[in-house]
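Understanding the architecture of this molecule
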Amino acid sequence: MEDWGPVVIAVVLFVLLTPGLLFQLPGNNRMVDFGNMQTSGISIFVHTIIYFGLITIFLIAIGVHIYTG
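Since this is a predicted model, take the numbers as computed values, not measurements. (Residues numbered from 1 in each chain as written. Predicted model: local features only at pLDDT ≥ 70, side-chain atom pairs only at ≥ 80, totals over all residues. Heavy atoms only, no water.)

Moving on: the environment of Leu 54. Examined against the element boundaries, Leu 54 turns out to sit in helix H2 (residues 41-62). We classify Leu 54 as partly exposed; its relative accessible area is 29%. Separated by 37 residues in sequence, Leu 54 and Leu 17 place their C-alpha atoms 10 Å apart. (Helix = DSSP H or I, 4+ residues; strand = E, 2+ residues; numbered from the N terminus. Buried < 20%, exposed > 50% of the residue type's maximum accessible area, 1.4 Å probe, protein only.)

In structure tokens, the structure reads:
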């Protein structure tokens, strides 16, 4: 059996946490900008920290597994 949990969780979080796609933290004009499709270096750093934290929680602490086959 193949475990697709880490792959699915990583792809979903990567898409959702892309700076500027849904939100940007910190934004260019405000603390949080929604759907502005722009980014900055500090925003990339903040989204990377959030991504690392969530991927750690989902894969290590909770242990999400999706088996196929």
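Glancing now at a nonpolar patch on the surface. Side chains of Trp 4, Val 7, Val 8, Val 11, Val 12, Phe 14, Val 15, Leu 16, Leu 21, Leu 22, Met 37 and Ile 66 sit close together on the surface and give an oily, nonpolar patch of about 1,100 Å² of accessible area. Among the structural elements, Ile 66 can be located in the loop between H2 and strand E4 (67-68). (Patch = residues over 30% accessible without salt bridge, like charges linked within 9 Å, V, L, I, M, F, W, Y side chains within 5 Å. Areas by Shrake-Rupley, 256 points an atom, 1.4 Å probe, with all protein chains shown as cover. Salt bridge = Lys/Arg side-chain N within 4 Å of Asp/Glu carboxyl O.)

All right, on to the packing of helix H1 (residues 5-16) against H2 then. Direction vectors running N to C along H1 and H2 enclose 155°, while the axes themselves pass 10 Å from each other. Considered as vectors, H1 and H2 are oriented roughly antiparallel to each other. Where H1 crosses over H2, the two elements pack in a sense that is right-handed. On H2, the residues touching Gly 5, Pro 6, Ile 9, Ala 10, Leu 13 and Phe 14 of H1 are Tyr 51, Leu 54, Ile 55, Phe 58 and Leu 59. In terms of residue class, the contact of H1 with H2 is made up of ten nonpolar, one polar and no charged. (Axes fitted to C-alpha atoms, helices over the stretch in contact; angles between N-to-C directions. Parallel < 35°, antiparallel > 145°, perpendicular 65-115°, else oblique. Left-handed = near helix turned anticlockwise from the far one by under 90°. Contact = heavy atoms within 4.5 Å. Nonpolar A, V, L, I, M, F, W, Y, C, P; charged D, E, K, R; others polar.)

Before going further, it helps to examine the confidence of the model for the protein chain. Averaged over the protein chain, the pLDDT score is 91; the fraction of residues at 70 or greater is 100%. Predicted confidence in the protein chain is weakest over E4, with a mean pLDDT of 87, and strongest over H2, with 94. (pLDDT = per-residue confidence, 0-100.)

The next thing to look at is H1. Its twelve residues give H1 an end-to-end C-alpha distance of 16 Å, which sits within 8% of 16 Å, the value for a rise of 1.5 Å per residue. When H1 is considered as a whole, its buried residues turn out to be Gly 5, Ile 9 and Leu 13. For H1, the angular spread of the buried residues around the axis is 45°, confining them to a single face. Looking at H1, the residues exposed on the side facing more than 90 degrees away from the buried face are Val 11 and Phe 14. (Expected span 1.5 Å × (residues − 1). Arc of directions from axis to C-beta.)

In this section: the environment of Ala 10. Secondary-structure assignment places Ala 10 in helix H1. Other than its neighbours up to four places away in sequence, Ala 10 contacts Tyr 51 and Ile 55.

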